[in-house]
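Remarks on the overall topology
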Amino acid sequence: ANKGHKQHRARRLPATITMTLLLRPALFIITAALSAAVEESPPPQREEQYKILPSPDLLNRLLYLSKTYPNFCTLTTTQEWFGLPRAGEDGDCPFDELYAASQKSAQGDDDKTSAASGKGCNNYVLIIQDKGAYPNDPDVQLDVNFQTSSQQQQQQQQGWKFVPDVFLSGSVHGNERVGPTSLVEMSELLLESAACESLPRMKFQPSDNDHDASGQDTSNAVKFTQEQWEQELSTAQTCRQSLTTNKGIPSPLRQWLARLVTTRRTIIIPTANALGYSRNKREEGSIDPNRDFPFDIEQYHESECMQTIAGRSINELWRSHLFQIGLTFHGGMEVIGYEWGAPTYLNLDAPDALAQDQIAHAYSRYSNGFPGHVPYDFGTMNDKVYYVRGGMEDWAFAGSWDPDRVVQCTPTTYGGYPPEKTVYNNSTLRAFNMLIETSDKKEPLREDLGSRHDPLVSTNGRENGHVARNIRLALLAMDVVEPYVSIRGVEELMFEDDVIPTMNLKRSPTSYYDDAKLVWVPGGDKKSSMRKITWTVGGAMTIDGTEIVYGLWDDLPTQLAESTSGFYPSMETRNVIDTKFHVVQPSNVEGGTSGGRSRWHADGAYPAEPEGGDTYEQIYNYDPVFKAFIDTGKMPPGTAIAVFARAKVDKDWATSAANVGPAGLGPASHIVNARTNPSYFASNAGKVIHGREYSWWYSDPITVLVGDAKEAEGWDINDPTASGLTHFSLSSNARGVVTAVHVNARFAGNAELTETFSRPVPRTGGGDTTPKRSSSASAALVVMLLIAIGIFVRLVRPRRRRRAYRQTVAVSTDVEGGDDFDASYRDDVGNEGIGDLELRIS
């Protein structure tokens, strides 16, 4: 049926193009509610200098974030989520009534909000996750009783169970004040960036057609009017400009923050010791929460763990997730500590010591120092701090694989706590959970906290400070939890999008082909047929090898992820790549290798170029930039090529220290095994960590569509308006010949024309893996589309050329935005462009 539909659509393409270009719709289906959805109020003005937030101010900021960015975060309490009691007396934390009132207002049900306030203090939890991309993630529903049912197995195809978990704790000791403020300020940067990057929301784009790219009837879908769509684009532009101008977060950094929101699940407990923080006291009542965990405690002291609500709150969060990396912020000195910190392993290295040391070193470099404060020292807690029994860091690292150090707790406080709550499976506790001693003073002077502008730039100037540098440190932890590979450009054309919030290709009603970035390149010129592909690798330290693989889309399955679990790429996809695709090594790596270094490596990013230009390599100079060339010379017009980048990283992490304790133990943590052990599998609470076949990490694909070189030679880049190029995001060579056109750029505006670039009808027969013509209709489409746009812009719409956003292919400029709806068709592609033509000359 799908094949028949595509063939039918191919036959009607000329008429589709003609009608689309000559007519615009007069009527659109819209609801009044959508008007308000576009116009988000701007973020409140914050003072330039950071300040330590007391408990009432922290709660106000958390409430603001949960109200402003509801599709990217959830605010709850461990009392509501896990049924825990509160610590404290009647006079403690009266400000919690604000939260109770907000819950009652939102839910309108006293029974549902009874757990939101009462005697003592709430323990607040902020969950940062992309609900639009993963709406059935149990964390979205705060489901603590996840059980695998047939329905939930079907929902898992979204891939939510493979999203990596990050844990961030602000204050286990209540008088150590830097952590909570740092995490709340970091959260606002993340959420504002993700919401902005999610605009424009393509599912609301005005459309003349009653079918989407898959042929599904969309005649009853709610769409914006043209006026509302223009307002959406304006909002996108405004928020991007605001982030750049007011906060020093330009496009590359905004895209990075949006990636961290969309591809991670981050659990933040700003004040685990809520009672102690509200009182500005170290303990929760009279008990130290950081001696309250069931690891390496003395025999017959089982009643002396899990006594605090802080400890139980953290325990419940770890029981319901599968954390790979975590941070716990403290104060009283300035150091980063990792395992071991337990007396049993004094003078011994922990398993995975090399990985811990590299990550801690990266934390120190990126957080940096400022006048009077050097970058953080780092090392084992036993060496740099002191050992403790019942410490959270060692418990989180080894509680699942060192059972001789773990006991079942039997506390009597707060009515007791079930001992089975401190029995753990083989996966729950295998994380790098590092201690961050933020500052010598437990509550530093405000002048030493740092300023808001350029918060992501590592500096040793006065603008840096205890809050500013720990914002960056926490973001680095989120980044390095999992490697990623991203294709960033074709020829000199830079993609202005990376990951689009709310878009999940595994959940899209269309295929990866329909949603991938689509780039037209001229074919038929064997003398200049090599097309440059540019990509980067992140979330790692050492890049052991990376390469481009490319071949026919026709050879790939329609969905590239596993149909049941959402694991990407599927075994079928990998088999096609291994047997039918071409492999190309990077051309800009010296020494006969194919590897490099990430931005976090101690020696800096490689390969990379210096600052000072407008090429991708110079703008994104802090990331490694790899280049390779694919040959399109023998490919006839109409050939649709799938291009992936892939990488192997951090294989040296599998190296064991000579004096490891316990003796003879190999890699024990999730984060090391996931990169170095292809057969690794860990599961807890429905979440999964899965090793990668041959240790390859894959990018999302892009589509390179081979067109007619003769048509490109007819375009005059010196007179783009006359050539009909004002709506293109493109690159050209030194002779002025166009070499790449980003056809389905996100800010283009006209869904129908982009829709006509449907997945080609599959080839039949033959085992030849040389890329060939996918269909004659595709070739005709490319030629007719380009000719039609040129004629139309030149002759039909001379007075409306400035409305670049109403065409399918967009100009590369700077547009910004931020809201968060469940995006759909083609939301993962695009340029930041509305405005004047921006040409890139190689």
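Residues numbered from 1 in each chain as written. Predicted model: local features only at pLDDT ≥ 70, side-chain atom pairs only at ≥ 80, totals over all residues. Heavy atoms only, no water.

**What to know about the overall build of the protein chain**
In terms of regular secondary structure, the protein chain is built from 23 helices and 23 strands. Expressed as a percentage of its 842 residues, the buried residues of the protein chain come to 62%. When contacts within the protein chain are restricted to residue pairs at least 6 apart in sequence, those whose partners lie at least 24 apart make up 82%. (Helix = DSSP H or I, 4+ residues; strand = E, 2+ residues; numbered from the N terminus. Buried < 20%, exposed > 50% of the residue type's maximum accessible area, 1.4 Å probe, protein only. Contact = heavy atoms within 4.5 Å.)

**Things to note about the pattern of salt bridges**
Counted according to the given criterion, the structure contains 37 salt bridges. The shortest N-O distance in the salt bridge between R282 and E176 comes to 3.5 Å. With R282 in the loop between α11 (274–279) and α12 (309–319) and E176 in the loop between β3 (165–169) and α8 (178–197), this pair connects stretches of sequence that are 106 residues apart. Between E185 and R452 there is a salt bridge; the shortest N-O distance is 2.7 Å. You can see E185 sitting in helix α8 and its partner R452 sitting in the loop between β8 (432–437) and α16 (466–480), a full 267 residues away along the chain. (Salt bridge = Lys/Arg side-chain N within 4 Å of Asp/Glu carboxyl O.)

**Quick look at the pairing of strand β6 (residues 335–338)**
Of the two faces of β6, the one carrying V335 and G337 and the one carrying I336 and Y338 are both buried. Note that β6 and strand β7 (residues 377–380) share 4 bridges and pair parallel. Note that in β7 the partner of G337 across the bridge is G379. Handedness of the crossover joining β6 and β7 through helix α13 (residues 353–367) is recorded here as right-handed. Of the pairings in the sheet, the one linking β6 to β8 comprises 3 bridges and is antiparallel in character. Looking at β8, one finds that V335 is bridged to E437. (Pairing = 2+ DSSP bridges. Right-handed = clockwise from strand over helix to strand, strands pointing away.)

**Focus: the environment of A668**
Within the secondary structure, A668 sits in the loop between β17 (640–649) and α20 (670–676). Residues A668 and D402, spaced 266 residues apart in sequence, show a C-alpha to C-alpha distance of 9.9 Å. Among residues more than four places away in sequence, those in contact with A668 are P351, D352, W401, R430 and N673.

**So, the sheet that holds strand β9 (residues 484–490)**
Read across the sheet, 4 strands follow the order β10-β9-β12-β16 without closing on themselves; strand pairing throughout is antiparallel. Each edge of the open sheet carries a strand with a single partner, namely β10 (493–494) and β16 (626–631). Here β9 pairs with strand β12 (residues 530–538) via 6 bridges, running antiparallel. By the bridge assignment for β12, Y484 is matched with G538.

**What about the state of the cysteines?**
Tallying each qualifying case throughout the model produces 3 disulfides. Shown here is the disulfide that connects C93 with C121, its sulfur atoms set 2.0 Å apart. Taking the torsion about the sulfur-sulfur bond, which here is approximately 85 degrees, the covalent link between C93 and C121 counts as right-handed. With C93 in the loop between α5 (78–82) and α6 (96–107) and C121 in the loop between α6 and β2 (124–128), this residue pair connects regions lying 28 residues apart in the sequence. Residue classification places C93 among the buried positions, given a relative accessible area of 8%. (Disulfide = S-S within 2.5 Å.)

**With respect to the nonpolar core**
M186, W256, L327, Y363, W395 and L475 are the most contacted members of the largest nonpolar core, which totals 118 residues. Setting aside residues up to four positions removed in sequence, M186 forms contacts with L168, I268, I471, A474, L475 and M478. Grouped together as the second largest cluster of nonpolar side chains are 30 residues, F495, I533, A628 and V706 included. (Core = buried A, V, L, I, M, F, W, Y, C linked by side-chain atoms within 4.5 Å.)

**A closer look at the side chain of S565**
Looking at the secondary structure, you find S565 in the loop between β13 (542–552) and α18 (571–580). Under the relative-accessibility criterion, S565 is labelled buried at 13%. A distance of 3.2 Å separates a polar side-chain atom of S565 from the backbone nitrogen of F567. (Polar contact = N/O pair within 3.5 Å; in protein donor to acceptor, adjacent residues only side chain to side chain.)

**Points about the pairing of strand β19 (residues 687–690)**
Sheet topology places strand β18 (residues 681–684) next to β19; 4 bridges connect them, and they run antiparallel. Bridge pairing in β19 links N684 to K687. As consecutive antiparallel partners, β18 and β19 are separated by 2 residues, and within that stretch A685 has a phi angle of approximately 55 degrees, a positive value.

**Thoughts on the confidence of the model for the protein chain**
Across the protein chain, the average pLDDT comes to 80, with 73% of residues at 70 or higher. Below pLDDT 50 for its whole length, residues 147–151 participates in 3 contacts with residues either more than four positions away or in separate chains. Throughout residues 749–842 the model reports pLDDT below 50, and contacts reaching past four residues in sequence, or to other chains, amount to 347 contacts. (pLDDT = per-residue confidence, 0-100.)

**Quick word on the packing of aromatic side chains**
The way to describe two aromatic rings as a pair is by their centre distance and the angle between their planes. Summed over the entire model, instances satisfying the criterion amount to 22 aromatic pairs. For the ring pair Y64 and Y69, a centre distance of 6.5 Å and an interplane angle of 85 degrees mean the geometry is edge-to-face. Neither Y64 nor Y69 differs from the other in exposure class; each is buried. Pairing F397 with W401 gives two aromatic rings, centres 5.6 Å apart and planes at 90 degrees, and the pair type is edge-to-face. Judged on exposure class, the residue F397 and its partner W401 are both buried. Three or more aromatic residues joined by ring pairs form one cluster here, namely F167, F293, W318, F323, W395 and Y424. (Phe/Tyr/Trp six-rings, centres within 6.5 Å; stacked < 30°, edge-to-face > 60°.)

**Some details on the sheet that holds strand β4 (residues 265–269)**
Within a beta sheet, neighbouring strands are joined by backbone hydrogen bonds and run either parallel or antiparallel to one another. On the basis of which strands lie adjacent, the open sheet formed by 8 strands has the order β1-β2-β4-β3-β5-β8-β6-β7 and mixed pairing. The open sheet has two free edges, formed respectively by β1 (73–77) and β7, since each of these has just one partner strand. Recorded for the sheet is a direction-independent mean angle of 20 degrees between the axes of neighbouring strands. Contacts between α13 and the sheet are confined to β5 (323–330), β6, β7 and β8, with β8 contributing the most and set at about 40 degrees to the helix. (Axes fitted to C-alpha atoms, helices over the stretch in contact; angles between N-to-C directions.)

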